[in-house]
Amino acid sequence: NVSFEEFLDVLGTKKIGGASLHLPKIRKNPLIEIIAINTGCLNQCTYCKTKHARGELGSYPINDIVERGAQSFAEGVREVWMTSEDTGAYGRDIGVTLPELLYEFVKIIPEGCMLRLGMTNPPYILDYLEDMAVILSHPRVYSFLHVPVQAASDTVLEDMKREYTQAEFCRVVDFLRERVPGITIATDIICGFPTESEEDFQETLDLIEKYKFPSLFINQFFPRPGTPAARMKKIPADKVKLRTKKASEIFQKQFPYTHKLGETQRILVTEVATDNKHYVGHNKFYDQVLVPKIEGYMGQSLTVKITETGKHYLRGEIVEEGEAQNIPSSYSNPNQVAFSDNATNMVQNIKSKTKVWNFLLVLVVGVMFQMLYILYRNHR
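Rules behind the numbers
- Residues numbered from 1 in each chain as written.
- Predicted model: local features only at pLDDT ≥ 70, side-chain atom pairs only at ≥ 80, totals over all residues.
- Heavy atoms only, no water.
- Patch = residues over 30% accessible without salt bridge, like charges linked within 9 Å, V, L, I, M, F, W, Y side chains within 5 Å.
- Areas by Shrake-Rupley, 256 points an atom, 1.4 Å probe, with all protein chains shown as cover.
- Salt bridge = Lys/Arg side-chain N within 4 Å of Asp/Glu carboxyl O.
- Lys, Arg positive; Asp, Glu negative; His and termini not counted.
- Charge placed at Lys NZ, Arg CZ, Asp CG, Glu CD.
- Helix = DSSP H or I, 4+ residues; strand = E, 2+ residues; numbered from the N terminus.
- 1 Å grid on protein atoms, 1.4 Å probe; cavity = no way out; pocket = protein on both sides within 12 Å on 5 of 7 lines; lining within 4 Å.
- Points joined across faces, edges and corners; volume = space filled by probe spheres on them.
- Nonpolar A, V, L, I, M, F, W, Y, C, P; charged D, E, K, R; others polar.
- Buried < 20%, exposed > 50% of the residue type's maximum accessible area, 1.4 Å probe, protein only.
- Contact = heavy atoms within 4.5 Å.
- Axes fitted to C-alpha atoms, helices over the stretch in contact; angles between N-to-C directions.
- Parallel < 35°, antiparallel > 145°, perpendicular 65-115°, else oblique.
- Left-handed = near helix turned anticlockwise from the far one by under 90°.
- Expected span 1.5 Å × (residues − 1).
- Arc of directions from axis to C-beta.
- Pairing = 2+ DSSP bridges.

J.: Sorry if this is basic, but what is going on with a negative patch on the surface here?
T.: Taken together, D154, E158, E168, E203, D206 and E209 make up a surface patch of like negative charges. Elements supplying a minimum of two residues to the negative patch: α7 (154-160) and α9 (198-211). With three residues, α9 is the single largest residue contributor to the negative patch. Tracing the sequence through the fold places D206 in helix α9.

Okay, here's the thing in structure tokens:
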């Protein structure tokens, strides 16, 4: 039996996280499933329009997300990306937490498949650092997290209404790097926020120098209409460009993968490189690894030896024998996450529900067309 609430949810008329996760989906990459776990956000950042466009936080129930993941894996997906405007805020509107979701989700990830977590802002992930370290150490979860800092100056962060300090951001990075050795932390910075002084910006440069982030997104401040920051006095464009150039120069001089030359790693191949001559795989730390474009590699988990390192990539040759030295085949953390390779019952349950949902959708569409036809006949 399907309740009226579930029926409305299928139609997308009930706002939980947004459009229903039960609706049919066409994947751009058949090996990758993108699951939005919530929409909207809790922040009021002065430069951002997300709140205007997406509204308040709306999280999907844990069961819906887990079922969507199980169905995706059953359909041949090898990698799931959990996304949202802020994954760390997940569940605060429905009385659950991100770790609760993740502990359930890892149970249905099959052997040879991976989960990648999306962007999280520092204020919310601070509450779950211990749990996040456990989850990001799981062999079927990439040890990767995108945590935007935007600025290192506490004064600028306050003007942005980011709700954290530089020290709190550093605590996130330091803790995860200690508990999850090798983890990749990606971050963003904004150059030229209206109240940013030269001293403020220097703090950001110092932060880049200190952590040598493998992935750094450098953006120039843009005054989005309707935001508080758009009404602030702007910094001259030439100064903003100069700051952007300084940040880029520091970042481009850093080579985070040099020490990985010669390592043996396990990768999951899911994409074709832009040169169309290589396949792209990712290791446990979500580093991009290029391998020869050979039929049969796509969608496979391969053992490779790193033969070349660049600024943004690694290149590997396939190892015929031997186990990967860097990627654990089992999880020995005392807080080990339970895992089940067999999600057959869940998948069967999903298929049964899908038949009901599809029938209801067809029924509703049919009724709507019938009503429109009657209205048309009455107005002729």
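That was the structure; now back to the text.
J.: Before we go on, may I ask you to explain the layout of surface pockets in this structure?
T.: One water molecule sets the probe size; rolling that probe over the atoms shows where empty space is left. As a volume, the largest pocket reaches approximately 570 Å³. Every residue lining the largest pocket is counted, 27 residues in all, and those nearest its centre are Y47, C48, T50, Q150 and R162. Sorting the residues of the lining of the largest pocket by element identifies α2 (50-54), β7 (184-191) and β8 (215-220) as the ones contributing at least two each. When residues in the lining of the largest pocket are grouped by element, the largest group, three residues, is from α2. For the lining of the largest pocket, the class distribution of residues is 10 nonpolar, 10 polar and seven charged.

J.: Teacher, can you tell me more about the side chain of D287 here?
T.: Within the secondary structure layout, D287 lies in the loop between β10 (278-282) and β11 (288-292). Residue class for D287 comes out buried when judged on its relative accessible area of 1%. Apart from the residues within four sequence positions on either side, D287 is in contact with T184, Y257, K260, G281, H282 and L314.

J.: Looking at this structure, how should I read the packing of helix α4 (residues 98-105) against helix α6 (residues 129-136)?
T.: Each packed pair of helices is defined by two parameters, the angle between the axes and the distance between the axes. Remark: α4 packs on α6, axes separated minimally by 10 Å, with the N-to-C direction vectors making an angle of 20°. Classified by the angle between their axes, α4 and α6 sit roughly parallel to one another. Here the hand of the crossing between α4 and α6 comes out left-handed. Contact residues: L98, P99, L102 and Y103 in α4; D131, M132, V134 and I135 in α6. Class assignment of the residues belonging to the contact of α4 with α6 gives a composition of seven nonpolar, no polar and one charged.

J.: Would you mind showing me how to read the packing of helix α8 (residues 166-179) against α9 here?
T.: One can describe the packing of α8 onto α9 by two numbers: an axis separation of 13 Å at closest approach and a directional angle of 5°. As summarised for this structure, α8 and α9 are arranged roughly parallel, according to the angle between their axes. Counted together, Q166, F169, C170, V173, D174 and R177 of α8 and E203, L207, K210 and Y211 of α9 form the full contact between these two elements. Here the contact of α8 with α9 is composed, by residue class, of five nonpolar, one polar and four charged.

J.: Explain the environment of R68 here, please?
T.: Inspection of the secondary structure assignment puts R68 in helix α3 (residues 62-74). Residue R68 is classed as buried on the basis of its relative accessible area, which comes to 8%. Along the primary structure R68 and H22 are separated by 46 residues, whereas in three dimensions their C-alpha atoms are 7.2 Å apart. Excluding its chain neighbours within four sequence positions, the residues that come into contact with R68 are L21, H22, L23, K25, R27, E33 and I35.

J.: So what exactly am I meant to see when it comes to helix α10 (residues 237-252) here?
T.: An α-helical turn contains 3.6 residues, so any two residues separated by three or four positions project in the same direction. Taking 1.5 Å of rise per residue, the 16 residues of α10 would be expected to cover 22 Å, and the 22 Å separating its terminal C-alpha atoms lies within 8% of that figure. For α10, the complete set of buried residues consists of V240, R243, T244, A247, I250 and F251. What you see down the axis of α10 is that its buried residues fit within an arc of 130°, all on one side. Opposite the packed face of α10, turned more than 90 degrees from it, sit the exposed residues D238 and K241. Buried residues along α10 sit in contact with β7, α9 and β8.

J.: I tried to follow the sheet that holds strand β1 (residues 32-36) on my own but got confused; where do I start?
T.: Within a sheet, each strand pairs with its neighbour through backbone hydrogen bonds, oriented either parallel or antiparallel. Ordered by their spatial adjacency, three strands build an open sheet running β1-β4-β5, and the pairing between neighbours is parallel. A single partner strand is all that each edge strand has here, and the edge strands are β1 and β5 (114-117). Direction aside, neighbouring strands of the sheet carry axes that sit 20° apart on average. Taken together, the four bridges between strand β4 (residues 79-83) and β5 define a ladder with parallel strand orientation. When the bridges of β5 are listed, V80 appears paired with L115. Against the sheet, α3 makes contact with β1 and β4, and its axis sits at roughly 170° relative to β1, the strand it touches most.

J.: Which parts of the structure should I look at to understand the sheet that holds β7?
T.: Pairing within the open sheet is parallel, and its three strands lie in the order β6-β7-β8. One side of each edge strand has no neighbouring strand; the edge strands of this open sheet are β6 (144-146) and β8. Within this sheet the neighbouring strands show an average axis-to-axis angle of 15°, counted without direction. Sheet analysis places β6 next to β7, joined by three bridges and oriented parallel.

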